[in-house]
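Residues per chain, in single letters:
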Amino acid sequence: MKYVLVTGGVVSGLGKGVTASSIGVVLKACGLRITSIKIDPYLNTDAGTMSPFEHGEVFVLDDGGEVDLDLGNYERFLDIKLTRDNNITTGKIYQSVINKEREGEYLGKTVQVVPHITNAIQDWIERVAMVPVDGQEGPADVCVIELGGTIGDIESMPFIEALGQFSYRVGAGNFCLVHVSLVPVLNVVGEQKTKPTQHSVRGLRGLGLTPNMLACRSTKELEENVKEKLSQFCHVPVLKLSFSTTDNVYVQLIALVDNEFFWLQAANIFTLYDVSNIWHIPLLLRDQKAHNAILKVLNLESVAQEPKLDEWVARATLYDTLQDEVRIAMVGKYTGLSDSYLSVLKALLHASVSCHKKLVVDWVASTDLEDSTASEAPDAYKAAWTLLKGADGVLVPGGFGDRGVKGKMMAAKYARENNVPYLGICLGMQLAVVEFARHVMKFPDADSTEFNPNTKTPCVIFMPEGSKTHMGGTMRLGSRRTFFKVTDCKSAKLYGDVNYVDERHRHRYEVNPDMVPAFENAGLQFVGKDETGQRMEIIEIPDHRFFVGVQFHPEFKSTPSKPSPPFVGLIAAACGQLDQVLQDSCNGHVVAAKHKLGDSSSTPLVHQNGHAQKQANGGVANGTCHANGNGSTHG
């Protein structure tokens, strides 16, 4: 097993996640099998109980793991299925060591950070790296490890010590360290400054880790003299470029420029400069021969091939050419930080590209739609409703807590009454049900017991198997099966007329099954249910252009080549293509489920861009962003 460690310095948010994923993409294009591990130094056992404002969205895996959003980035980039163990946290490590101590495994020993914690980290990495994640048998060839945080953070010290020991454990030729750093340009002098990176590397070396290569973030490509300076002061060697001839003999490439011979060099120091969309990043690595440098360090030159990234070139180019816009109003409570809805943004992006439309997201703070805002902040109220009414479609994502609930219901009501395409996810579906009960079925006190435990018309109720005392990991989590009970519905057609789909869930409340007959008599169809028929999974209003709610989170399984069907339906309805898309889906051109084969070649391919960029108005509740694939990619 070979290991590539990606660390970050100077500041957070440089793009370690995209860098790690892009390295994986290029190595995979070289014919290698890849797996990924994300290390988060926080004390939480997992990301499940953290606010989206604290750490972005919580990404849910098939096994129910609530993990860092970077794992979603890895899955989308590399087309792999990770497990909860692929996300290591300080909480998990300490918990495992303390459990072993209580069981008597360390009898007679004083349990310490070194060696017990550091050994536990190394053992965890080795164990998880051997688990196949690409559907094939046997372990991967390379494990890409991302260390969260910034070099110098006190909470990451045990991991840095463990990784330093780990590099000696696996031995030379099996470990490669890529350090992502910032090379800023000061507007006053316009010069690329290397000092922040020099200090970051010095700190890293002082902790026992020496980088093999530097990935430098900057607004423009690094100048050659800047690379030379970094190489000299950061002690990063420069490798000569090898390439394979037709008879598989490796030779050194010599070039003649201005009548002088010199060695063409692989990039031990490469630039990740600002590009038009993030799908260019793997291409930057390839063009700068970063893969050759990594293969050289890992002694994989003899088994690797030249990377084939034709699809990535096509995807990056395709998105740059899109002109016609489709506007989607995203009505939520965490609109001040786009990372809170990262996977939703990615799923919208996949769907919009499949419809050959340029996505524009209008952020609408749900609280600003409420009547109380009209008197307290009339400008914000007017702006929110202007954005909502100007959108081609409305999306209400999941969430927890009662803040902004009324505004989300008002958005659902507006979409239902004005025949505007609507997609509700998790809470967005539940509130659409409550709104329907209040205004169509004339139950003014209809509510969810999450917000009103004493309501006389409980449309949404607490699941009987849930826990009200323990919050972490007690929801209905992970991949669950949904069966279509109505075959002639938009959702079933979007999924390719399959009998069932497997989607990921994360919820504590569900639609009250006792009220389902009354809802269906009033015109709200429950077209998808679980295997028992008692848990409602998908709702539709048949005579509406597109009014769909799903209890699951389809965004977590959306990929560029297989965009999520509910999102495709929303975008297609918003831009007048739904009838054609439904026909194509039924003919097998758009199939997201694995239970029915079809030709997906008609769907344009665009690769995930990892972290969405926080817009300039990111701290403002209402605003517009163009989903152009640029990412701030927090580490």
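Scroll up a little and you will see the structure.
Now for a quick tour of the structure. (Residues numbered from 1 in each chain as written. Predicted model: local features only at pLDDT ≥ 70, side-chain atom pairs only at ≥ 80, totals over all residues. Heavy atoms only, no water.)

1. A word on the pairing of strand 20 (residues 476–484)
So, step 1. Taken together, the eight bridges between strand 20 and strand 21 (residues 500–507) define a ladder with antiparallel strand orientation. From the neighbouring strand, F483 faces strand 21, where its bridge partner is Y500.
So, step 2. Note: strand 20 against strand 23 (residues 525–529), two bridges, orientation antiparallel. Across the sheet, residue F483 finds its bridge partner in strand 23, namely K529. (Pairing = 2+ DSSP bridges. Helix = DSSP H or I, 4+ residues; strand = E, 2+ residues; numbered from the N terminus.)

2. Focus on the sheet that holds strand 8 (residues 213–218)
So, step 1. Judged by pairing direction, the sheet is parallel, and its seven strands sit side by side in the order 5-2-6-1-7-8-13 without closing on themselves. In this open sheet, the two edge strands, each paired with only one partner strand, are strand 5 (87–89) and strand 13 (269–273). When strand polarity is set aside, the average angle formed by the axes of neighbouring strands in this sheet is 20°.
So, step 2. Relative to strand 13, strand 8 is paired through five bridges, and the arrangement is parallel. Across the sheet, residue S218 finds its bridge partner in strand 13, namely Y273.
So, step 3. Taken strand by strand, helix 6 (residues 157–170) contacts strand 1 (2–8), strand 2 (34–40), strand 5, strand 6 (142–147) and strand 7 (175–182), and its axis lies near 145° from that of strand 7. (Axes fitted to C-alpha atoms, helices over the stretch in contact; angles between N-to-C directions. Contact = heavy atoms within 4.5 Å.)

3. Brief notes about the packing of aromatic side chains
So, step 1. Under the definition given, this model contains 14 aromatic pairs.
So, step 2. Ring geometry for F483 and Y500: centres 5.7 Å apart, planes at 50°, overall tilted. With F483 in strand 20 and Y500 in strand 21, this residue pair connects regions lying 17 residues apart in the sequence.
So, step 3. A residue is classified by how much of its surface remains accessible, and F483, at 26% relative accessible area, is partly exposed.
So, step 4. Aromatic ring contacts, followed pair by pair, group Y3, F166 and F175 into a single cluster.
So, step 5. For the cation-ring pair, R127 lies above W124, with the distance from its terminal atom to the ring centre recorded as 4.9 Å. (Phe/Tyr/Trp six-rings, centres within 6.5 Å; stacked < 30°, edge-to-face > 60°. Buried < 20%, exposed > 50% of the residue type's maximum accessible area, 1.4 Å probe, protein only. Lys NZ or Arg CZ within 6 Å of the ring centre and 35° of its normal.)

4. Let's talk about the pairing of strand 16 (residues 393–396)
So, step 1. Here strand 16 shows no split at all, with G393 and L395 on one side and V394 and V396 on the other all buried.
So, step 2. Note that strand 16 and strand 17 (residues 422–425) share three bridges and pair parallel. Paired with V396 across the two strands is G424, which belongs to strand 17.
So, step 3. Following the chain from strand 16 across helix 15 (residues 405–417) to the adjacent parallel strand 17, one finds a crossover that is right-handed. (Right-handed = clockwise from strand over helix to strand, strands pointing away.)

5. A look at the nonpolar core
So, step 1. If you look at the biggest cluster of nonpolar residues, it comprises 97 residues, and the most contacted ones within it are V4, L348 and L395.
So, step 2. Structurally, this core is a two-domain feature, drawing no fewer than three residues from each of domain 1 (2–317) and domain 2 (323–463 + 475–587).
So, step 3. Residues V420, F436, F462 and V516 belong to the second largest nonpolar core, which totals 44 residues. (Core = buried A, V, L, I, M, F, W, Y, C linked by side-chain atoms within 4.5 Å. Domains from an automatic or database assignment.)

6. Some details on a nonpolar patch on the surface
So, step 1. A surface patch of nonpolar side chains, about 310 Å² in accessible area, is lined by Y94, I98, V113 and V114.
So, step 2. For the nonpolar patch, the secondary structure elements donating two or more residues are helix 4 (90–102) and helix 5 (113–129).
So, step 3. Along the chain, the position of I98 falls in helix 4.
So, step 4. Overall, I98 belongs to the partly exposed group, its relative accessible area being 48%. (Patch = residues over 30% accessible without salt bridge, like charges linked within 9 Å, V, L, I, M, F, W, Y side chains within 5 Å. Areas by Shrake-Rupley, 256 points an atom, 1.4 Å probe, with all protein chains shown as cover. Salt bridge = Lys/Arg side-chain N within 4 Å of Asp/Glu carboxyl O.)

7. Quick notes on the packing of helix 14 (residues 378–389) against helix 15
So, step 1. As a packed pair, helix 14 and helix 15 sit with axes 11 Å apart at the nearest point and diverge in direction by 35°. Helix 14 and helix 15 meet at a crossing whose hand is right-handed. Mapping the contact onto sequence places W385, L388 and K389 in helix 14 and M410, A411 and Y414 in helix 15.
So, step 2. For the contact of helix 14 with helix 15, the residue count by class is five nonpolar, no polar and one charged. (Left-handed = near helix turned anticlockwise from the far one by under 90°. Nonpolar A, V, L, I, M, F, W, Y, C, P; charged D, E, K, R; others polar.)

8. A look at the side chain of R33
So, step 1. For R33, the position within the fold is in the loop between helix 1 (16–29) and strand 2.
So, step 2. Looking at R33, its side chain comes within polar contact range of the main-chain oxygen of G138, at 2.8 Å.
So, step 3. Not counting chain neighbours up to four residues away, the residues in contact with R33 comprise P132, D134, Q136, E137, G138, P139, A140, D141 and V142. (Polar contact = N/O pair within 3.5 Å; in protein donor to acceptor, adjacent residues only side chain to side chain.)

9. Considerations on the pattern of salt bridges
So, step 1. One pass over the full model with this rule turns up 29 salt bridges.
So, step 2. Between E301 and K296 there is a salt bridge, with the nearest N and O atoms lying 4.0 Å from each other.
So, step 3. Residue classification places E301 among the partly exposed residues on the basis of a relative accessible area of 21%.
So, step 4. Each of K38, D40, D68 and D70 takes part in salt bridges that share partners, so that together they form one network.

10. Side note on helix 1
So, step 1. Its 14 residues give helix 1 an end-to-end C-alpha distance of 20 Å, which sits within 8% of 20 Å, the value for a rise of 1.5 Å per residue.
So, step 2. Burial runs high along helix 1: 13 of the 14 residues are buried.
So, step 3. Positive backbone phi, approximately 95°, marks G31, located one or two places after helix 1. (Expected span 1.5 Å × (residues − 1).)

11. Considerations on the sheet that holds strand 19 (residues 457–462)
Strand pairing in a sheet takes place through backbone hydrogen bonds and is either antiparallel or parallel in direction.
So, step 1. In spatial order, the strands read 18-19-22; together these three strands make up an open sheet with mixed pairing. In this open sheet, the two strands that pair with only one neighbour each are strand 18 (446–448) and strand 22 (509–511). Put simply, the sheet's adjacent strands are angled 25° from each other on average, direction ignored.
So, step 2. Sheet topology places strand 19 next to strand 22; three bridges connect them, and they run antiparallel. Across the sheet, F462 pairs through a bridge with Y509, a residue of strand 22.
So, step 3. Its contacts with the sheet place helix 16 (residues 427–439) against strand 18, strand 19 and strand 22, and it is angled at close to 165° to strand 18.

Function cannot be read off these values alone, since they describe shape.
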